[in-house]
Amino acid sequence: YKEYHPVQYHDGYVFCNGYIYELIQADDTATFNMVGEGTIGGDVFNWSSGVFVNDMFWVASKTTVYTVDYKTNTLIDKYIFDPDRTSTKDVQGGVCYDAQTKRLFWATYTYNSYLHSIEISEDGFVKDSYMSEDAGQKSVATPIVYEGRVYLAGQQGRMCVHNAAD
């Protein structure tokens, strides 16, 4: 699934699958400078599946969420949410951010799917705020937040709804 994520643009940078490019010249023959690949500390993630908050890029891999300075491809902070890989098979969808709760949300495609969330600050993750719950079905979708609810489409054709605050 990760090969099918869309291209993202943010503040002069283009993100496409495993790569990040700085846009040098925008015309009919655009010029790019590769800043980095989607690997931090030996972990692999998809640049297209993250979200931009506080001029940083927040992205989830199979067991860890990261905040990255995308302009330099530098790791700022990380939180390992499944250190023994007991609940996670893969993260196939993207990460979303809710400004009201200051939380990131992402789902894992697992034997039993989970909806994960963690509060963030300008300095990184608020590590004691991590929560996860049964998502109700396997999902490769990116959650969305609307009016205090997290909506997550799943592989069984249902839309699961969760409270964004807890």
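All values derive from a computational prediction rather than experimental measurement.

Asks: How should I be thinking about the nonpolar core in this particular structure?
Replies: Most often, soluble globular proteins have nonpolar side chains that are buried together. Trp 58, Val 65, Leu 104, Trp 106 and Phe 125 are the most contacted members of the largest nonpolar core, which totals 14 residues. If you list the elements that add at least two residues to this core, you get β7 (51–53), β8 (56–60), β12 (103–108) and β13 (114–121). For this core, the element with the most residues is β8, which contributes three residues. Residues in contact with Phe 125, not counting those within four places in the same chain, are Trp 58, Val 65, Tyr 66, Thr 67, Asp 77, Lys 78, Tyr 79, Leu 104, Ile 118, Glu 119 and Ile 120.

Asks: Just to check I follow, could you spell out the sheet that holds strand β17 (residues 149–153) for this structure?
Replies: Across a sheet, paired strands are connected by hydrogen bonds in the backbone, their directions being either parallel or antiparallel. Taken in spatial order, the three strands of this open sheet run β16-β17-β18, and their pairing is antiparallel. Each edge of the open sheet is held by one strand with a lone partner, namely β16 (144–146) and β18 (159–163). In this sheet, adjacent strand axes meet at a mean angle of 30° when their direction is disregarded. When β17 meets β18, the two strands line up antiparallel, connected through five bridges. Paired with Leu 152 across the strands is Cys 160, a residue of β18.

Asks: Is there a simple way to think about the side chain of Asp 98 in this case?
Replies: Mapping Asp 98 onto the fold places it in strand β11 (residues 96–98). Buried within the structure, Asp 98 lacks any salt-bridge partner; its nearest side chain of opposite charge belongs to Arg 103, at an N-O separation of 7.7 Å. At 2.8 Å, the side chain of Asp 98 forms a polar contact with the side chain of Thr 101. Here Asp 98 is in contact with Arg 103, Phe 105, Val 145 and Ala 164, once residues within four sequence places are set aside.

Analysis parameters
Residues numbered from 1 in each chain as written. Predicted model: local features only at pLDDT ≥ 70, side-chain atom pairs only at ≥ 80, totals over all residues. Heavy atoms only, no water. Core = buried A, V, L, I, M, F, W, Y, C linked by side-chain atoms within 4.5 Å. Buried < 20%, exposed > 50% of the residue type's maximum accessible area, 1.4 Å probe, protein only. Helix = DSSP H or I, 4+ residues; strand = E, 2+ residues; numbered from the N terminus. Contact = heavy atoms within 4.5 Å. Pairing = 2+ DSSP bridges. Axes fitted to C-alpha atoms, helices over the stretch in contact; angles between N-to-C directions. Lys, Arg positive; Asp, Glu negative; His and termini not counted. Salt bridge = Lys/Arg side-chain N within 4 Å of Asp/Glu carboxyl O. Polar contact = N/O pair within 3.5 Å; in protein donor to acceptor, adjacent residues only side chain to side chain.

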